[in-house]
2 protein chains.
Amino acid sequence: MKIKRVSESVSIKRSIESGTQEQLLQVKAIIEEVRIRGDEAVREFTEKYDDSYLELFSVTQTEFDEAFEVIEENMVDVIKEAAENIHSYHMKQLRPSWMTTEENGTILGQKITPLDSVGVYVPGGTAAYPSSVLMNVIPAKVAGVERIVMVSPPGENGKIPPAVLVAAKVAGVKEIYKIGGAQAIAALAYGTEQVRPVDKVVGPGNIYVALAKKEVFGDIDIDMIAGPSEIVILADQTARPNEVAADLLSQAEHDERASSVLVTPSQELAEAVAEEVKRQLIELPRKKIAEKSIQDYGVIYVTESMDEAISIVNELAPEHLEILTENPMEYLGQIKHAGAIFLGRFSSEPVGDYFAGTNHVLPTNGTARFSSPLNVEDFQKKSSVIYYSEKALNQNVHKIAAFARLEGLEAHARAVEERFK
Amino acid sequence: MKIKRVSESVSIKRSIESGTQEQLLQVKAIIEEVRIRGDEAVREFTEKYDDSYLELFSVTQTEFDEAFEVIEENMVDVIKEAAENIHSYHMKQLRPSWMTTEENGTILGQKITPLDSVGVYVPGGTAAYPSSVLMNVIPAKVAGVERIVMVSPPGENGKIPPAVLVAAKVAGVKEIYKIGGAQAIAALAYGTEQVRPVDKVVGPGNIYVALAKKEVFGDIDIDMIAGPSEIVILADQTARPNEVAADLLSQAEHDERASSVLVTPSQELAEAVAEEVKRQLIELPRKKIAEKSIQDYGVIYVTESMDEAISIVNELAPEHLEILTENPMEYLGQIKHAGAIFLGRFSSEPVGDYFAGTNHVLPTNGTARFSSPLNVEDFQKKSSVIYYSEKALNQNVHKIAAFARLEGLEAHARAVEERFK
């Protein structure tokens, strides 16, 4: 792992896939076909890209039953407990509608309502993570979304992996279709005979899914397009090199383009972690991926001071931040930009990935400067509420009319004045 | 104004300008130039498109002073009072960071922080609305954004309109540049010698501005791209035709592409409103615009019942909804999708446009199904906070490791197990 003095330049090397012009045209064509020909087109694309011919897309009760036979009961219990923790954390994000009243009769308020329907995309193959099913579905449930639809491409056996089905069931999803790719996004956005359209699609996917989401955006809402995963660890000399290395590697194993960064004022720690990373790498099943990721996107920054280290963290605005210092709480107030902040050595990142209850869908690529973890409000929207009494309007009608006329909007002025004619 | 029975088809006819391929290429080229050549490029484009050669872009103290000399004191007071109302409403949207603690030592939380910096775009010409300055700036201020930058193209006299400068001053903006178009968006996104970059740009603009915002999105955040303004009025036979017509016209005068819709079970009201619209139109200074808007995008739907009328409103998901019925509060609970809801005859839409305190930047084009009025949270972001004690991790380490292994992520499992080696 490269060790750099800070002066050299501070940035997370990030790899964003934006798709080729050819891929974009392909995606546009798929969406167009699905809009025109509905299920027939979805069926053809599913056969072409996922090697499955499906008359009906819906997951059957038998498939659910089979899934619960495959996954061990203990494991189902773990998934349930994780789901409960996620539910409990996200319940805290719920807010009521509110209103204010004034003596002159004015009532102003903010009405909060859930989206009617949401689609959750779950990628196929090795990227079909049951934990992500929980993380995407449960906030929508808590928000009060009535209809949650899941889509996922059928695997080689024409089915969705059992762990994903179990997680979907635990999270309370009832409507699941074995469709994927741009055709699934198009079906969710515009509807087909079998799939009624939804108001928003969330969940990660490959480049075709990402491009399709961008295409339908505006007609429906989408979540952020996630980049490769990142971790930044802020540590002092009290951190244990083996633990720091293990956490860096847990990020690196995700993806060759994942980035793992250590920022520390301790040269000694930096060197020890670099050694440990080498040592632990050897024994990892996903060694190849992790090694490439560490090589291309791994870096250790050694700073002059803790203050400098913190300012680097804020510049990087990481998706995951671990603070492994003697007293991590001390620095929480200084962290301005980070998707999730893990405090202390027993709060290793996988605690949040799977279990604590916070969401693991987090802003990547430095977008923590302006974006938030997936949360309940991503599945709700607000309406302003305005009630003016006769008295309230009477008190203010001339001001409102004057402001409208200042902007040259005479009909606006006349609309309020019309009430007192 | 066309009167339709509902069965005919219910939709707001909407006109979305998405820009030509040529405009997009032009915008891309402008952005590229500004990224490479900074101020020099901005200066050239300002000369080319806004007919002003400016060495320094910043608005001077003299220009502020002049603005306050031009705008009447009474009018400044109205702007100030509106600003106070907007401030007061948006303060209610503020929420604290929170945390939960458990006996085993677990602490979970949500830390809320403002964005560091925000840019507010204010269009030039007749679309330079001081009210929009207040609506875009004040929520950012309330959110705690430290640096708020305003940009607006210089007018024919090389200056920004006085009312806009007064509103900016009242809202507390200190940094204003006389630049506009795609070059201003590029400067805000990537920075130049005179303009430091920001994290997010909000505010309406012409098609070049909209395309530029889409282009820089991802590198920085943007607000929604607004379409033409819309109003839907839900009314029963107690509504007064002259008031309904006045409110429809206040929308129609905005833009030839604005849409004004009345939904009512009363055929009598429908006919009376159509008459009134004709009558009031004649005397409007912006008659041409309003007439074209009413002709192309105005419609009255007559329904069988109030229930049917409400379900149409929810289908339309309007930007502005007025409820002009005998007891408007009665229907508030049934409204699912609307940007802002105006209740009763003294809550004419301009009340919200200028004065009540709610935001007038609202979701258009039916996006009220999934979007909200501009609000304080658009200028903040959340970070999850996770603290696990040794005891908490010890209780759960096997579950977390099991979940990680279910997903084939061995290094995740080892990271948590490493703590107990």
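Owing to the predicted nature of the structure, the values given are computational and were not obtained by experimental measurement. (Residues numbered from 1 in each chain as written. Chains lettered and ligands numbered in written order. Predicted model: local features only at pLDDT ≥ 70, side-chain atom pairs only at ≥ 80, totals over all residues. Heavy atoms only, no water.)

Enquirer: Could you clarify how one ought to interpret the environment of B:A140 in this entry?
Expert: Residues and elements named next belong to chain B. By the element assignment, A140 lies in helix α5 (residues 130-143). Between the alpha carbons of A140 and E84 there is a distance of 14 Å; along the sequence they are 56 residues apart. Filtering out sequence-adjacent residues up to four positions away, A140 remains in contact with V145, I148 and F379. (Helix = DSSP H or I, 4+ residues; strand = E, 2+ residues; numbered from the N terminus. Contact = heavy atoms within 4.5 Å.)

Enquirer: I keep staring at the UniProt feature "active site" (unreviewed entry) in chain A and nothing clicks. Help me out?
Expert: Residues and elements named next belong to chain A. Under the local residue numbering, the UniProt record ascribes the feature "active site" (unreviewed entry) to E319 and H320. For E319, the position within the fold is in the loop between α12 (306-316) and β12 (320-324). In this view, E319 contacts P228, S229, E230, Q251, A338, G339, A340, H360, L362, P363 and T364; residues no more than four positions away in its chain are not counted. At 2.8 Å, the side chain of E319 and the backbone nitrogen of E230 are in polar contact. With respect to the helices, strands and loops of the structure, H320 is situated in strand β12. Its relative accessible area of 2% is what places H320 among the buried residues. Residue contacts for H320: discarding those within four places in its chain leaves S229, E230, I231, V232, Q251, A340, F342, E349, D353 and L362. A distance of 2.8 Å separates a polar atom in the side chain of H320 from the backbone oxygen of E230. (UniProt positions renumbered as here; feature names shortened; annotations may be inferred. Polar contact = N/O pair within 3.5 Å; in protein donor to acceptor, adjacent residues only side chain to side chain. Buried < 20%, exposed > 50% of the residue type's maximum accessible area, 1.4 Å probe, protein only.)

Enquirer: In this structure, what is going on with the side chain of A:R43? I would like to understand it.
Expert: Looking at the element boundaries, A:R43 is found in helix α2 (residues 39-50). Relative accessible area serves as the criterion here: at 14%, A:R43 is assigned to the buried category.

Enquirer: Mind showing me how you'd approach the sheet that holds strand β9 (residues 230-235) of chain B here?
Expert: Two strands in a sheet stick together by hydrogen bonds in their backbones, pointing the same way (parallel) or opposite ways (antiparallel). Sheet architecture is open: nine strands sit in the order β2(A)-β3(A)-β14(A)-β13(B)-β12(B)-β9(B)-β10(B)-β11(B)-β1(B), paired in mixed fashion. Each end of this open sheet is capped by a strand with a single partner; those strands are β2 (98-101) of chain A together with β1 (2-5) of chain B. Each adjacent strand pair in this sheet contributes to an overall mean axis angle of 20 degrees, direction not counted. (Pairing = 2+ DSSP bridges. Axes fitted to C-alpha atoms, helices over the stretch in contact; angles between N-to-C directions.)

Enquirer: Would you mind going over the pattern of salt bridges with me for this structure?
Expert: A side chain of one charge can pair with a side chain of the opposite charge if their charged atoms are brought near each other. Applying the stated rule across the entire model yields 56 salt bridges over all chains. Across the salt bridge formed by A:E410 and A:R405, the nearest N and O atoms sit 2.9 Å from each other. For the salt bridge of B:K28 with B:E215, the shortest nitrogen-to-oxygen distance reads 3.7 Å. Of this pair, B:K28 sits in helix α1 (residues 21-37) while B:E215 sits in helix α8 (residues 207-216); the two residues are 187 residues apart in sequence, bridging distant segments of the chain. Residue classification places B:K28 among the partly exposed positions, given a relative accessible area of 38%. Through salt bridges with shared partners, a single ionic network connects A:R95, A:E377, A:K382, B:R95, B:E377 and B:K382. (Salt bridge = Lys/Arg side-chain N within 4 Å of Asp/Glu carboxyl O.)

Enquirer: Help me understand the pairing of β9(B) in this model?
Expert: Consecutive side chains along a regular strand alternate between the two faces of the sheet. Residue and element names in this part refer to chain B. The buried count for β9 comes to six of six residues, which makes it a mostly enclosed element. On β9, burial covers both faces: E230, V232 and L234 on one face and I231, I233 and A235 on the other are all buried. Bridging between β9 and strand β10 (residues 259-264) involves five bridges; their strand directions are parallel. In the sheet register, V232 faces β10, and the bridge partner there is V261. What joins β9 to β10 is helix α9 (residues 241-252), and the crossover it makes is right-handed. Bridge count between β9 and strand β12 (residues 320-324): five bridges; the pairing is parallel. Pairing of I231 across the sheet is with H320, part of β12. (Right-handed = clockwise from strand over helix to strand, strands pointing away.)

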